[in-house]
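# Secondary and tertiary structure notes
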Amino acid sequence: GYRVKTGDAKGAYTQSLVRATRTWVALPEHRWPKHWRGKHTRPVVPLILALYGHADAGGIWEEHCDEQPASIGFERIAEE
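These numbers were taken from a predicted model, which means no experiment stands behind them. Per-chain numbering applies: the sequence of each chain, read as written, is numbered from 1 onward. Two thresholds apply to this predicted model, a pLDDT of at least 70 for residue-level local features and 80 or more for giving and counting side-chain atom pairs, whereas whole-chain, interface and lining totals are computed over all residues. In computing side-chain values, all of the structure's heavy atoms are included and hydrogens and water are not.

## Details of the overall build of the protein
Counting from the N terminus, the helices are the DSSP runs of H or I reaching at least four residues and the strands are the DSSP runs of E reaching at least two. Helices and strands together make up the secondary structure of the protein, namely two helices and two strands. To get the radius of gyration, use the C-alpha atoms; to get the globule rule, take the number of residues to the power 0.38 and multiply by 2.2 Å. In terms of overall size, the protein is more extended than a compact globule, its C-alpha atoms giving a radius of gyration of 17 Å where 80 residues would be expected to give roughly 12 Å. Expressed as lengths along the three principal axes of its C-alpha atoms, the size of the protein is roughly 55 × 35 × 20 Å. Here's how the labels work: a residue is buried when its accessible area is under 20% of the maximum for its type, exposed when over 50%, partly exposed in between, all with a 1.4 Å probe on protein chains only. Looking at the 80 residues of the protein, the share that counts as buried comes to 18%. Whether two residues are in contact is decided by their heavy atoms: any pair within 4.5 Å suffices. Expressed as a percentage of contacts within the protein between residues at least 6 apart in sequence, the contacts between residues at least 24 apart total 57%. Element-wise, carbon and sulfur atoms account for 53% of the exposed surface of the protein, whose accessible area totals about 7100 Å². Only four residue types enter the charge count, namely Lys and Arg as positive and Asp and Glu as negative; His and the chain termini do not. Taken as the charge location is NZ of Lys, CZ of Arg, CG of Asp or CD of Glu. Of the side-chain charges in the protein, 11 are positive and 10 negative, and the distance between the mean point of each set is 19 Å. Only the protein chains shown count as covering a residue, and every accessible area follows the Shrake-Rupley method with a 1.4 Å probe.

The following block contains the structure:
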């Protein structure tokens, strides 16, 4: 009666906030707000969510995965 689901790194990484080195990214035009059109040519914005391909994305995701169980009371088992 169980259902198994999987996700890829592209979807997983974007669930975690970037708190490390400030990174700026150029947005593809289809993601621009309407009021940017005709005003900007290649706007850059701060990266807020981890993005697949970012050098720190794996580490950011690992921290996120450690924090989530702890946030509801789980404790890490001591490693020997």
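## Looking at the environment of Val45
Considering the arrangement of structural elements, one finds Val45 in strand S2 (residues 44-46). Separated by 33 residues in the primary sequence, Val45 and Ala12 have C-alpha atoms spaced 21 Å apart. Leaving out residues up to four positions away in the same chain, Val45 has contacts with Thr23, Trp24, Val25, Leu27 and Trp36.

## Let's talk about the nonpolar core
In this structure, Tyr13, Val18, Leu47, Ala50, Ala57 and Ile60 together form the largest nonpolar core, which totals six residues. In contact with Ala50, not counting residues within four places along its chain, are Tyr13, Thr14, Ser16, Val18 and Ile60. In these notes, a set of buried Ala, Val, Leu, Ile, Met, Phe, Trp, Tyr and Cys residues joined through side-chain atoms within 4.5 Å is what counts as a nonpolar core.

## Brief notes about the confidence of the model for the protein
When pLDDT is averaged along the protein, the result is 83; 92% of the residues meet or exceed 70. The pLDDT value expresses, per residue, how confident the predictor is, ranging between 0 and 100. Per-element confidence in the protein ranges from a low mean pLDDT of 64 for helix H1 (residues 9-13) to a high of 92 for S2.

## Notes on the environment of Arg19
Considering the arrangement of structural elements, one finds Arg19 in the loop between H1 and strand S1 (24-26). Assessed through its relative accessible area of 53%, Arg19 is described here as exposed. Here the alpha-carbon distance between Arg19 and Glu75, two residues 56 residues apart in the chain, equals 23 Å. Whenever two N or O atoms come within 3.5 Å, that pair is a polar contact, provided that in protein one can donate a hydrogen and the other can accept it, and provided that, for residues adjacent in sequence, both atoms are side-chain atoms. A distance of 3.0 Å separates the side chain of Arg19 from the side chain of Glu67, its partner in a polar contact.

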